Amino acid sequence: MSYPSRPPADAAPVTGSPRGDLADLLADPAAHGPVITAECPAVDSGGISAVAAHVARLAPHADAINATDNPAARAHVSNVAMAIAIKQLGAQPILQVACRDKNRLALEADIVGAALHGITAVCCMTGDDVTAGDEPEARRVFDLDSPQLIRAASSLAKGCYLSGRALDPAPPLFIGAVENPAAPPFAYRVRRGLKKAAAGARFLQLQICYHPDRLAEFAELARDSGLTPRVALLPTIALLKGSRALRYMTANVPGIHIPEPVIERVENAADPGEAAYRLALEQAEHALSLPGVRGLHIADFRHDDTIARLRSDLGLPAAHSAPDTDALTV
Amino acid sequence: MARLLATIEHVVKKPIWDCRMCGQCVLHSTGLTCPMTCPKQLRNGPCGGVREDGACEVDPSMTCVWLKAHNRSERMPRTLRKEFDDLRPPVDNRLQDTSSWANLLSGRDRVVPDGWQPDA
Ligand code: SF4
């Protein structure tokens with residue numbers, strides 16, 4: 001059986017089109033306000049409609065959607081295939097590229113391959129170790145590290161591979177990266193951000209952070225050192241169903257530490273689901289109040305309409321134009 | 001001769017820095033901490049997986065190599081401390097098991113791919 005290469009009519013989920021190119025949106029805070037990106041849950045099978053369900057839920061509230069690269073070191077539909085699907089479905093993809101599974105040739109090929117399909121936003125990261133996943137016996141690659149990958153992507157955008165071989169025309173890449181404001185050595189994290197900025201990163205999706213003081217310190221240091229506004233900060237907000245997910249993350253995701261009182265607040269609440277939402281809303285409001293923060297990155301583990309609620313509680317405009325407006329512009 | 005130098009280098013640097021003979025030594029800019037002992041062999045700083053207690057994501061029994069590198073580099077002379085923030089180029093895998101001393105003298109360790117361009 002073969003899957004249709006175009007989304008079937010019943011899987012066309014996105015009404016309207018993205019309100020703008022990610023690079024343009026991030027560049028002009030006055031005109032566009034906060035920018036929302038979201039992580040598309042990984043997909044394993046089921047054709048384009050499997051992706052469509054997620055995109056339909058996320059795209060009305062997110063300006064761009066991350067196509068992940070084997071998140072948590074587990075094999076899934078590839079980053080490039082996901083990014084193409086997201087784009088076909090009418091949303092704006094961000095191609096995640098991780099250093100764990102591929103050497104420099106494969107990483108370069110993924111980036112130019114996605115660019116061939118018009119996918120130009122790229123987010124470079126080291127990637128969890130293979131031991132975090134379900135095939136821990138795999139060979140870890142890390143042929144490049146993330147700052148090197150960012151600079152390799154910059155070379156592609158300037159018109160050549162790492163080898164120097166020309167790429168003509170050069171793909172107009174918009175390059176970003178990640179950083180973890182809450183992992184040791186705290187004092188060094190902004191300097192690492194600066195290194196990534198120098199290599200060519202223009203946005204940083206920040207790891208989920210349950211220490212508001214550390215996030216605030218990162219943002220202030222980023223401002224004082226000139227990292228922002230050169231680079232747009234997008235702190236990640238996790239939308240969770242309750243305290244179990246908090247316990248899971250703090251125990252199993254290296255680099256994420258959640259203080260016990262935070263977990264207990266959700267655990268002991270009369271309505272843990274609501275308490276988890278309130279926590280996320282508070283985090284989002286706090287993050288948006290910090291200098292250099294241009295928006296939020298949403299990791300939605302609830303898979304319901306919470307992202308819509310968050311967007312409306314934060315008073316942010318819709319990410320996609322209404323269908324009627326769109327029909328007029330076509 | 002090159003082989004002999006590599007052998008001597010290995011004998012000297014293995015016990016002190018756990019040298020992995022990458023052939024392009026960067027110890028001076030990494031707080032005298034060998035980045036090739038990082039399980040991910042990262043040359044440009046710690047990944048986002050460093051645990052709350054400073055332990056390595058991959059091997060929780062060891063302290064993050066880059067956490068040590070950062071602490072040690074802060075105690076180094078100013079010029080070397082500044083080099084900590086340099087963007088170190090990708091490893092040239094052809095130099096594995098060759099002498100970094102010989103490669104330093106010949107300049108071979110500073111050869112980068114043609115497409116490795118100055119900062120954006
Ligand atoms: S030569 Fe390479 S492996 Fe050996 S200590 Fe220097 S950086 Fe580490």
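What you see is a predicted model, and the numbers here were worked out from it, not measured in a lab.

**Q** Just checking my understanding: could you explain the overall build of chain B for this structure?
**A** Tallying secondary structure elements over chain B gives 4 helices and 0 strands in all. Sequence-ordered secondary structure for chain B, helices as α and strands as β, is α-α-α-α. Computed over the C-alpha atoms, the radius of gyration of chain B is 15 Å, within 12% of the 14 Å expected from 2.2 N^0.38 for a compact globule of 120 residues. Sequence separation of at least 24 residues holds for 54% of the intrachain contacts in chain B that already meet a minimum separation of 6. Carbon and sulfur atoms make up 57% of the accessible area of chain B, which totals about 6,200 Å². Charge centroids of chain B, computed over 17 positive and 15 negative side chains, lie 4 Å from each other.

**Q** It is not clear to me how the pattern of salt bridges should be interpreted in this structure. Could you clarify?
**A** Where charged atoms of side chains with opposite charge meet at close range, the side chains can pair. In total, this model carries 28 salt bridges over all chains according to the counting rule given. Ionic contacts of the salt-bridge type, sharing partners, join the residues A:E179, A:R189, A:R192 and A:K196 into one network.

**Q** Looking at this structure, I do not really get the interface of chain B and chain A. What am I missing?
**A** Interface size is commonly expressed as the accessible area that is lost once the parts come together. Each partner contributes residues to the interface: chain B has 37 residues there, and chain A has 42 residues. The junction of chain B with chain A conceals about 3,300 Å² of combined surface from both sides, 51% of it contributed by carbon and sulfur atoms. Joining chain B to chain A, the criterion identifies 3 salt bridges. For A:R191, the salt bridge goes to B:E74, with nearest N and O atoms at 3.3 Å.

**Q** Looking at this model, I keep getting lost on the nonpolar core. Mind explaining?
**A** Across soluble globular proteins, nonpolar side chains have a tendency to be buried as a group. Counting 89 residues, the largest nonpolar core has A:I65, A:I111, A:L233 and A:I298 as its most contacted members. Excluding residues within four positions of it along the chain, A:I65 makes contact with A:A38, A:C40, A:V55, A:L58, A:A59, A:I86, A:A91, A:Q92, A:P93 and A:I94.

**Q** Could you clarify how one ought to interpret the packing of aromatic side chains in this entry?
**A** A ring pair, where both rings are aromatic, is described by two values, the distance of the centres and the angle of the planes. A full pass over the atoms with the stated rule returns 3 aromatic pairs over all chains. Summarising the aromatic geometry, the rings of A:Y188 and B:F84 are spaced 5.3 Å apart at their centres and angled 70 degrees between planes, so their arrangement reads as edge-to-face. Of this pair, A:Y188 sits in helix α7 (residues 186-199) while B:F84 sits in the loop between α3 (78-83) and α4 (100-106), placing the two residues on different chains. Each member of the pair, A:Y188 as well as B:F84, is classed as buried. Taken together, the ring pairs in this structure connect A:Y188, B:W66 and B:F84 into an aromatic cluster. The side chain of A:R165 reaches across the aromatic face of A:Y161, ending 4.4 Å from its centre.

**Q** Explanation requested: the site of the ligand in the structure shown.
**A** In the region of the ligand, the neighbouring residues are B:K13, B:C19, B:R20, B:M21, B:C22, B:C25, B:V26, B:L27, B:C34 and B:M36. The residue makeup of the shell around the ligand, split by class, is 8 nonpolar, no polar and 2 charged.

**Q** Is there a simple way to explain the packing of helix α10 (residues 243-252) of chain A against helix α11 (residues 260-267) of chain A in this structure?
**A** Geometry of a packed helix pair, given as the angle between the helix axes and the separation of the axes. Residues and elements named next belong to chain A. Contact geometry of α10 with α11 gives a least axis separation of 8 Å together with a crossing angle of 160 degrees. If you check the angle between α10 and α11, you find them roughly antiparallel. In this structure, the crossing between α10 and α11 has a hand that is left-handed. Touching S243, L246, R247 and T250 of α10 are E260, V262, I263, V266 and E267, all from α11.

**Q** Help me understand the sheet that holds strand β6 (residues 203-206) of chain A in this model?
**A** Sheet strands line up and pair through hydrogen bonds in the backbone, either parallel or antiparallel. Residue and element names in this part refer to chain A. Here 8 strands make up a closed barrel; going around it, the order is β1-β2-β3-β4-β5-β6-β7-β8 and the pairing parallel. Strand-to-strand twist of the sheet, defined as the mean angle between neighbouring strand axes without regard to direction, takes the value 30 degrees. Along the sheet, helix α12 (residues 272-288) makes contact with β7 (232-239) and β8 (295-300), crossing β7 at roughly 175 degrees.

**Q** Help me out: how do you make sense of the environment of A:A232 in this one?
**A** Residues and elements named next belong to chain A. Along the chain, A232 turns up in strand β7. For A232 and I263, which are 31 residues apart along the polypeptide, the C-alpha to C-alpha distance reads 29 Å. The contact partners of A232, leaving out residues within four places of it in the chain, are L26, R202, F203, L204, G292 and R294.

**Q** I'm lost on helix α3 (residues 48-58) of chain A in this one. Help?
**A** Every α-helix winds through 3.6 residues per turn, so residues three or four apart in the chain are directed the same way. Within the sequence span of α3(A), burial applies to A:I48, A:V51, A:A52, A:H54, A:V55, A:R57 and A:L58. In this structure, the buried side of α3(A) is in contact with β1 (35-39), β2 (64-67), α4 (79-88), β8 and α13 (306-313) of chain A.

**Q** In this structure, what is going on with unusual backbone geometry? I would like to understand it.
**A** Most peptide bonds take the trans form, and the phi angle of most residues other than glycine is negative. Residues and elements named next belong to chain A. Cis rather than trans, the peptide bond between D168 and P169 has omega equal to 5 degrees. Note on placement: P169 falls in the loop between α6 (146-158) and β5 (174-179). The amide bond that connects P184 to the next residue, P185, takes the cis arrangement and shows omega of -10 degrees. Within the chain, A73 stands out as a residue other than glycine whose phi angle is a positive 60 degrees.

**Q** Can you help me understand α6(A) in this one?
**A** Residue and element names in this part refer to chain A. Taking 1.5 Å as the rise per residue, α6 with 13 residues should run 18 Å; its terminal C-alpha atoms sit 18 Å apart, in good agreement. Within α6, 11 of the 13 residues are buried, which leaves it mostly tucked inside the rest of the structure. By the burial criterion, the buried members of α6 are S146, P147, Q148, L149, I150, R151, A152, A153, S154, S155 and L156. Following α6 by one or two positions, G159 has its phi on the positive side, about 105 degrees.

**Q** It is not clear to me how the side chain of A:R294 should be interpreted in this structure. Could you clarify?
**A** All names here are of chain A. Examined against the element boundaries, R294 turns out to sit in the loop between α12 and β8. Reaching out from R294, the side chain makes a polar contact with the backbone oxygen of L26 at a distance of 3.0 Å. Setting aside anything within four residues of it in sequence, one finds R294 in contact with L25, L26, D28, P29, G33, P34, V35, A232, L233 and L234.

**Q** Sorry if this is basic, but what is going on with the pairing of β6(A) here?
**A** It is a general feature of regular strands that their side chains alternate between the two faces of the sheet. Residue and element names in this part refer to chain A. Along β6, one buried face is formed by F203 and Q205 and the opposite face, lined by L204 and L206, is buried too. Pairing analysis gives 4 bridges linking β5 to β6, with the strands arranged parallel. Considered in β6, the bridge of E179 is made with L206. A crossover connection joins β5 to the parallel β6 through α7; in handedness this β-α-β unit is right-handed. As paired strands, β6 and β7 are joined by 4 bridges and run parallel to one another. Within β7, the residue paired with F203 across the bridge is A232.

Definitions and cut-offs
- Residues numbered from 1 in each chain as written.
- Chains lettered and ligands numbered in written order.
- Predicted model: local features only at pLDDT ≥ 70, side-chain atom pairs only at ≥ 80, totals over all residues.
- Heavy atoms only, no water.
- Helix = DSSP H or I, 4+ residues; strand = E, 2+ residues; numbered from the N terminus.
- Rg over C-alpha atoms; globule rule 2.2 N^0.38 Å.
- Contact = heavy atoms within 4.5 Å.
- Areas by Shrake-Rupley, 256 points an atom, 1.4 Å probe, with all protein chains shown as cover.
- Lys, Arg positive; Asp, Glu negative; His and termini not counted.
- Charge placed at Lys NZ, Arg CZ, Asp CG, Glu CD.
- Salt bridge = Lys/Arg side-chain N within 4 Å of Asp/Glu carboxyl O.
- Buried area = accessible area lost by both parts, 1.4 Å probe.
- Core = buried A, V, L, I, M, F, W, Y, C linked by side-chain atoms within 4.5 Å.
- Buried < 20%, exposed > 50% of the residue type's maximum accessible area, 1.4 Å probe, protein only.
- Phe/Tyr/Trp six-rings, centres within 6.5 Å; stacked < 30°, edge-to-face > 60°.
- Lys NZ or Arg CZ within 6 Å of the ring centre and 35° of its normal.
- Near = heavy atom within 4 Å.
- Nonpolar A, V, L, I, M, F, W, Y, C, P; charged D, E, K, R; others polar.
- Axes fitted to C-alpha atoms, helices over the stretch in contact; angles between N-to-C directions.
- Parallel < 35°, antiparallel > 145°, perpendicular 65-115°, else oblique.
- Left-handed = near helix turned anticlockwise from the far one by under 90°.
- Pairing = 2+ DSSP bridges.
- Expected span 1.5 Å × (residues − 1).
- Polar contact = N/O pair within 3.5 Å; in protein donor to acceptor, adjacent residues only side chain to side chain.
- Right-handed = clockwise from strand over helix to strand, strands pointing away.

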